[in-house]
Amino acid sequence: MQVSALRVPPAPVRIPRAVSSPEPEPTALSSAPDFSLSLSDHLTSFATTLRREVTGEARAERRAQSLVTAVQAQDLTKADLKALTAGFKARLAAGESLDELQVEAYAAAREAARRVTGMTAFDEQVLGAVYAHQGCIVDMKTGEGKTLMGVLPAYLHALTGKGVHVVTANQYLAQRDRDQLAPVFAELGLTTGVIVPDQEPQARRAANQADITYGTASEFGFQYLTDNLAISAKERVGRDLSGVFALVDEADSLLLDEARTPLIIADRIPQDNRVAKVMAEVVRHLKPGQDIGTEPARKLAWLTEAGSEKASKLLGIANLYEPEHESLVSALQSAVTARALYQQNTHYVVQQGEVVLVDEFTGRLKPGHRFAEGLHQAIEAAEGLEIGPEQKTMAGITYPNYFRLYSKVSGMTGTGASAAQEFREVFGLPVRLVPTHKPRIRVDHQDQLYATSAQRDAALAAEVQRLHQSGQPVLIGSRSIERSQELSQLLTGLGIPHQVLNALNAEREAGIIAEAGKKGAVTIATNMAGRGVDIKLGPGVRELGGLAVLLSERHEARRIDEQFIGRSGRQGDPGRSQCFLSLQDDLFRLHGEKLPEVGSLPLTGLKVQAAVAAAQARAEGRDLESRQHLLKYDGVVNLQRQAVYAERDAVIAGAEVDLEKMVERVSQDAEQRHFGTGLAVNQPQLQKELSYLLGGKPVAAPSFENGPALKGWLRGQLQTALAAQQAALPPGVLGNVVRSATLEALDQEWATQQTSLEQLRDGAWMQAYGEKDPLREYERGAHELYASMLDRVAARVLHSSLSLRAAS
């Protein structure tokens with residue numbers, strides 16, 4: 001079940017990467033022996049080194065390091081940086097490449113940052129910038145200066161004049177980074193802009209025309225969709241993305257965690273809200289386990305045979321699964337899913353009479369997002385709220401498909417290594433690790449595993465109390481709002497003062513985070529305190545051991561745990577972390593196998609680490625399989641989207657619409673539908689269709705003996721009518737009508753097509769029962785649906801063109 005009206009993610013995405021300069025030949029494998037290592041350690045180290053040499057990783061790193069040395073050797077303290085920028089642009093125009101300018105341009109950007117901010121990029125930041133130019137996912141740990149690092153590749157690519165998009169994790173960071181770095185780019189003679197929600201078109205267009213534009217992924221994505229619903233070029237505000245370089249912060253969050261959540265522009269459609277209310281009442285009488293079966297790990301819920309019989313009796317229907325009850329079954333399924341799998345303060349909250357979604361990865365609210373396929377209405381009915389309208393998708397795209405539109409994409413994250421294989425195999429993006437500037441001295445203690453959640457919570461509370469008494473600040477991680485509230489009640493009962501940060505009090509986030517690193521502070525937080533949050537240590541805290549991060553359970557994805565733990569030990573600061581787990585945690589309950597036995601005392605050590613690693617690997621493997629599955633299906637949708645948008649672009653650019661081709665298409669379609677079935681021709685229906693095509697004029701069509709006769713007659717009627725219409729109207733009028741009608745028809749029929757493709761994919765899995773490949777059957781069906789869509793577009797355009805009456 002998806003968080004929108006359209007579920008997507010693409011076939012294997014190959015985002016173009018820059019062609020790097022020739023690299024030196026690899027040197028011989030050699031290193032001084034370390035006699036402190038065991039034979040096994042030596043063999044492992046040698047195998048790793050050999051693999052890196054064979055795959056070219058080591059050679060790429062040596063090349064990157066040589067570029068870092070070259071950049072840092074440049075002395076531009078007295079240089080006119082604006083003049084350098086003009087010179088770089090002239091050299092690009094004369095045929096030089098970005099690769100050839102990289103060292104000098106990076107040195108200029110480094111010098112500008114030094115002059116304006118007083119900060120000089122470290123070698124590690126320059127190394128990250130080198131990897132970014134190569135089109136890599138740059139793994140830099142939290143607090144290592146990704147923002148300053150991003151200045152270098154942004155400047156280099158802005159020299160092309162085709163635009164740079166710096167994509168930030170949230171709107172606050174977009175505005176902050178633009179405001180902080182605008183003077184740096186101004187020192188180099190470049191302009192910057194930022195796109196924000198509800199921005200006036202003129203201001204947004206100006207922001208997009210700047211050399212470097214900051215914004216969130218959702219703002220850039222919705223802007224792209226809106227531009228592709230425009231009816232004229234002057235309504236569009238964004239750049240042509242095929243020439244733009246995108247530098248994406250928190251790339252793993254967007255390309256992986258958010259891969260299955262499409263951006264949607266939707267229109268409301270009327271519906272009968274009584275059905276959702278009735279189904280919510282029916283489901284209240286059903287018993288989980290007996291009437292409702294579930295598979296929470298895969299977000300699946302269904303009616304058992306007993307549940308189906310009980311629901312049928314409650315609804316007063318003899319056979320609920322007769323074709324005429326299809327809409328009722330769909331509404332009932334949504335109600336079952338809402339009851340069995342979605343809980344308030346975990347998956348959503350209720351605010352001001354509305355259901356607001358909670359992002360499971362960031363812990364933040366997602367206002368404006370809705371569950372698809374009637375699930376949102378089912379939850380509203382279950383909560384006794386006013387039921388909102390169902391939505392029809394007008395335009396939609398996933399983040400992976402959106403970012404493949406750019407000429408080149410590079411990413412930044414502190415947790416890319418955990419997903420290196422997926423980035424490489426699915427997206428064609430290598431992950432490059434950048435070492436920390438200062439050695440990390442945070443102490444990560446072994447997980448403690450308890451038999452029950454009650455034992456785990458008691459141990460966690462005792463550790464919090466001990467640390468609090470010492471004055472060391474504590475940050476406690478929870479996976480949901482509900483869990484954070486439970487922990488708060490636990491600490492309150494022990495008299496431990498604390499703050500709670502979750503989506504229900506997001507307005508207090510800045511104040512809570514500002515206090516979280518001070519002496520004696522205890523903060524309970526959802527994942528809101530993870531990605532992108534910088535907790536500053538207060539006076540005297542370093543001497544106490546820095547910030548202590550305690551996780552009350554682990555997430556399915558290692559990256560989420562790593563992000564939260566990464567709030568401690570930043571930039572060489574001291575810190576500590578530890579996870580308190582129980583066999584009743586969702587991670588083990590849903591994904592654990594062959595779990596260790598736990599007695600009254602906690603279990604630690606290799607058995608626990610192995611159990612955690614195995615469960616997380618199983619969960620991540622399931623998520624990867626799901627993403628890859630959806631990527632393949634969405635590849636089909638993406639091809640059709642590109643074709644539709646290309647047609648719109650041509651019309652907006654002034655291309656003449658080929659009416660003759662449309663006449664041929666509708667004539668061929670009429671022949672196939674009325675003579676291709678082997679059934680007798682429905683003459684009244686045929687008359688009605690012909691009248692519609694000819695602008696609503698009464699038609700006295702003869703009886704046709706065969707398909708070619710119908711096709712030839714209809715073609716002649718349409719050609720004659722169009723010629724007469726052209727003669728009757730002032731010059732240019734018919735052409736304008738045709739262009740407007742084409743854009744409207746494409747938009748309306750593409751919206752219908754997206755719904756049809758969604759329904760087709762939902763049923764594709766059933767093809768496996770007939771020993772058919774579901775993906776191939778989906779591709780075949782999608783092709784047929786697309787051809788039918790083009791037939792309907794042609795019919796609508798001809799109808800609009802021939803409906804227009806000349807002024808008398």
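Residues numbered from 1 in each chain as written. Predicted model: local features only at pLDDT ≥ 70, side-chain atom pairs only at ≥ 80, totals over all residues. Heavy atoms only, no water.

## Description of the overall build of the protein
- Secondary structure summary: the protein contains 28 helices and 21 strands in total.
- For the protein, whose C-alpha radius of gyration is 30 Å, the value lies close to the compact-globule estimate of 28 Å for 808 residues.
- Taking all 808 residues of the protein together, the buried fraction comes to 50%.
- The contacts in the protein between residues at least 6 apart in sequence include a share of 78% that link residues at least 24 apart.
- Summed over its atoms, the accessible surface of the protein is roughly 36,800 Å², and 53% of this surface lies on carbon and sulfur atoms.
- Each charge class in the protein can be summarised by its mean position, and for the 87 positive and 98 negative side chains these summaries are 2 Å apart. (Helix = DSSP H or I, 4+ residues; strand = E, 2+ residues; numbered from the N terminus. Rg over C-alpha atoms; globule rule 2.2 N^0.38 Å. Buried < 20%, exposed > 50% of the residue type's maximum accessible area, 1.4 Å probe, protein only. Contact = heavy atoms within 4.5 Å. Areas by Shrake-Rupley, 256 points an atom, 1.4 Å probe, with all protein chains shown as cover. Lys, Arg positive; Asp, Glu negative; His and termini not counted. Charge placed at Lys NZ, Arg CZ, Asp CG, Glu CD.)

## Here's the deal with helix H17 (residues 453–470)
- A rise of 1.5 Å per residue sets the reference length of H17, with its 18 residues, at 26 Å; its end C-alpha atoms lie 26 Å apart and thus fit the reference within 8%.
- Among all positions of H17, only Arg-456, Asp-457, Ala-459, Leu-460, Ala-461, Glu-463, Val-464 and Leu-467 are buried.
- Where the residues of H17 are buried, they touch strand E16 (448–450), strand E17 (474–477), helix H18 (481–493), strand E19 (522–525), strand E20 (547–551) and strand E21 (575–582).
- Looking one or two residues past H17, Gly-471 carries a phi angle of roughly 95°, positive in sign. (Expected span 1.5 Å × (residues − 1).)

## Description of the packing of aromatic side chains
- Summed over all chains, the structure comprises 11 aromatic pairs.
- Arranged with centres 6.3 Å apart and planes meeting at 50°, the rings of Phe-423 and Phe-427 form a pair that is tilted. A residue pair is termed a helical-turn pair when its members lie 3 or 4 positions apart in one helix, as Phe-423 and Phe-427 do in helix H16 (residues 420–427) at four residues.
- You can call Phe-427 buried: its relative accessible area is 1%.
- Centroid distance Tyr-633 to Tyr-778: 4.9 Å. Interplanar angle 55°. Geometry classified as tilted. Remark: Tyr-778 occurs in helix H28 (residues 774–803) and Tyr-633 occurs in helix H23 (residues 606–652); sequence separation between them is 145 residues.
- Linked through ring pairs, Tyr-224, Tyr-399, Tyr-402, Phe-403, Tyr-406 and Tyr-645 together constitute an aromatic cluster.
- Looking at Lys-299, its charged tip hangs above the ring of Tyr-342, at a distance of 5.8 Å from the centre. (Phe/Tyr/Trp six-rings, centres within 6.5 Å; stacked < 30°, edge-to-face > 60°. Lys NZ or Arg CZ within 6 Å of the ring centre and 35° of its normal.)

## Concerning helix H26 (residues 707–728)
- Here H26 contains 22 residues, and its C-alpha end-to-end distance of 32 Å stays within 8% of the 32 Å for a straight helix at 1.5 Å per residue.
- Those residues of H26 not exposed but buried are Gly-707, Leu-710, Lys-711, Trp-713, Leu-714, Leu-718, Ala-721, Leu-722 and Gln-725.
- Buried-residue contacts for H26 involve helix H24 (659–675), helix H25 (683–693), helix H27 (733–764) and H28.
- For H26, the side-chain oxygen to backbone nitrogen distance between the N-cap and Ala-709 is 2.9 Å, and the N-cap itself is Asn-706. (Polar contact = N/O pair within 3.5 Å; in protein donor to acceptor, adjacent residues only side chain to side chain.)

## Some remarks on the sheet that holds strand E4 (residues 212–216)
- Read from one edge of the open sheet, seven strands run E3-E4-E2-E5-E13-E1-E14, paired in parallel fashion. With partners counted over all chains shown, the strands left at the sheet margins are strand E3 (192–194) and strand E14 (431–433), one partner each. Averaged over all pairs of adjacent strands, the angle between their axes in this sheet comes to 20°, without regard to strand direction.
- Pairing geometry for strand E1 (residues 137–139) and E14, over three bridges, is parallel. Counterpart to Ile-137 in the pairing with E14 is Val-431.
- Where helix H6 (residues 146–158) meets the sheet, it contacts E1, strand E2 (164–168), E4, strand E5 (245–249) and strand E13 (408–413), and its direction lies at approximately 170° from that of E5.
- In the packing of helix H7 (residues 171–187) onto the sheet, contacts are made with E2, E3 and E4, and the angle to E4 comes to roughly 165°. (Pairing = 2+ DSSP bridges. Axes fitted to C-alpha atoms, helices over the stretch in contact; angles between N-to-C directions.)

## Quick look at the confidence of the model for the protein
- Looking at the protein as a whole, the pLDDT averages 88, with 92% of positions reaching at least 70.
- In this model, residues 1–42 is a region of pLDDT below 50 whose contacts with residues beyond four sequence positions or in other chains number 119 contacts. (pLDDT = per-residue confidence, 0-100.)

## A word on the packing of helix H2 (residues 57–73) against helix H4 (residues 98–117)
- In contact at an axis separation of 8 Å, H2 and H4 are set at 50° when each is read in the N-to-C sense. Considering their axes alone, H2 and H4 lie oblique with respect to each other. Crossing of H2 against H4: the hand is right-handed. Taking contact as the criterion, the partners of Leu-67, Ala-70, Val-71 and Gln-72 in H2 are, on H4, Gln-102, Val-103, Tyr-106, Ala-107 and Arg-110. (Parallel < 35°, antiparallel > 145°, perpendicular 65-115°, else oblique. Left-handed = near helix turned anticlockwise from the far one by under 90°.)

## Describing the sheet that holds strand E10 (residues 354–358)
- Across the sheet, three strands lie side by side as E9-E10-E11; this open sheet has antiparallel pairing. Sheet topology places strand E9 (348–351) and strand E11 (365–366) at the edges, where each strand pairs with a single neighbour.
- The pairing of E10 with E11 spans two bridges and is antiparallel. When the sheet's bridge partners are listed, Leu-357 is paired in E11 with Lys-366.

## Observations concerning the pairing of E2
- Most of E2 is tucked away, with five of its five residues classed as buried.
- Residues of E2 alternate between two faces, with Val-164, Val-166 and Thr-168 on one and His-165 and Val-167 on the opposite face, all of them buried.
- Note that E2 and E5 share four bridges and pair parallel. Opposite Val-167, over in E5, you have Val-248 as the bridge partner.

## Notes on unusual backbone geometry
- Positive phi, normally seen in glycine, also occurs at Asn-345, with a value near 70°.
- Following the sequence through the fold, Asn-345 ends up in the loop between helix H13 (326–341) and E9.
- The buried category is assigned to Asn-345, whose relative accessible area is 17%.
- One non-glycine residue, Lys-594, lies in positive phi territory at about 50°.
- Mapped onto the secondary structure, Lys-594 falls in the loop between helix H22 (586–591) and H23.
- Of the residues examined, Lys-594 reaches a relative accessible area of 86% and is grouped as exposed.

## Considerations on the nonpolar core
- Core analysis: the largest hydrophobic core is formed by 77 residues, its most contacted members being Val-248, Tyr-402, Phe-403, Tyr-406, Phe-423, Leu-718 and Leu-798.
- Setting aside residues no more than four positions away along its own chain, Leu-718 makes contact with Val-663, Val-666, Ser-667, Leu-693, Leu-694, Leu-798 and Leu-802.
- One finds Leu-76, Ala-158, Phe-185 and Leu-188 within the second-largest nonpolar core, a separate group that totals 52 residues. (Core = buried A, V, L, I, M, F, W, Y, C linked by side-chain atoms within 4.5 Å.)

## A few points about the packing of H26 against H28
- Close contact between H26 and H28 brings their axes to 10 Å; oriented N to C, the two are set at 45°. Between H26 and H28, the interaxial angle falls into the category oblique. In this structure, the crossing between H26 and H28 has a hand that is left-handed. In contact with Leu-718, Ala-721, Leu-722 and Gln-725 of H26, H28 contributes Leu-798, Ser-801, Leu-802 and Ser-803.
- Looking at side-chain class alone, the contact of H26 with H28 contains five nonpolar, three polar and no charged residues. (Nonpolar A, V, L, I, M, F, W, Y, C, P; charged D, E, K, R; others polar.)

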